[in-house]
Amino acid sequence: MLAIANRLQGTFSHGDHVQFIEMTGEQLFSIMLPDELNRDELEAAGVHESSIVRVNPQGDLELRRPDGWAILGGLLGDFEQRVITKTGLGWSYPLKDSGE
């Protein structure tokens, strides 16, 4: 395991990159509050249950498109705990060569 970690060292860039948690559209729909974007607005923007979306620590939502990420809007309030509880994931930096 240590050898793999050492080999991967340097493939991650934390410089200007922001942390994210990725989830499906279905997970996003289930954590939305009434004051946030609603399902109809998200679906109009292209979010479906099988979509891949991500949120950063500031609450900015992005939708994965074939050629990159599209900004959708944001989450409010205690979104961090809602996202972590629903996905079971913590904050993660994108890979250096992930097309960012």
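As shown above, the structure is provided for reference.
This section reports on the structure supplied with the text. What you see is a predicted model, and the numbers here were worked out from it, not measured in a lab.

The rules behind the values
Residues numbered from 1 in each chain as written. Predicted model: local features only at pLDDT ≥ 70, side-chain atom pairs only at ≥ 80, totals over all residues. Heavy atoms only, no water. Pairing = 2+ DSSP bridges. Helix = DSSP H or I, 4+ residues; strand = E, 2+ residues; numbered from the N terminus. Axes fitted to C-alpha atoms, helices over the stretch in contact; angles between N-to-C directions. Contact = heavy atoms within 4.5 Å. Core = buried A, V, L, I, M, F, W, Y, C linked by side-chain atoms within 4.5 Å. Buried < 20%, exposed > 50% of the residue type's maximum accessible area, 1.4 Å probe, protein only.

### Description of the sheet that holds strand β1 (residues 21-24)
Strand order in the open sheet formed by four strands is β1-β2-β3-β4, and the pairing between neighbours is antiparallel. Across the chains shown, the open sheet's two edge strands, defined by having one partner strand only, are β1 and β4 (68-74). Across the sheet, the mean angle separating the axes of adjacent strands is 30° when strand polarity is ignored. Direction of pairing for strand β3 (residues 60-65) relative to β4: antiparallel, over a ladder of six bridges. Across the sheet, residue Leu-63 finds its bridge partner in β4, namely Ala-70. Helix α4 (residues 79-87) contacts β1 and β2 (52-55) of the sheet and is inclined by roughly 60° relative to β1.

### Focus on the nonpolar core
Counting 16 residues, the largest nonpolar core has Leu-28, Val-55, Leu-75 and Val-83 as the members making the most contacts within it. Broken down by secondary-structure element, the contributors of at least two residues to this core are β1, α2 (25-31), β2, β3 and α4. Top contributing element to this core by residue count: α2, with three residues.

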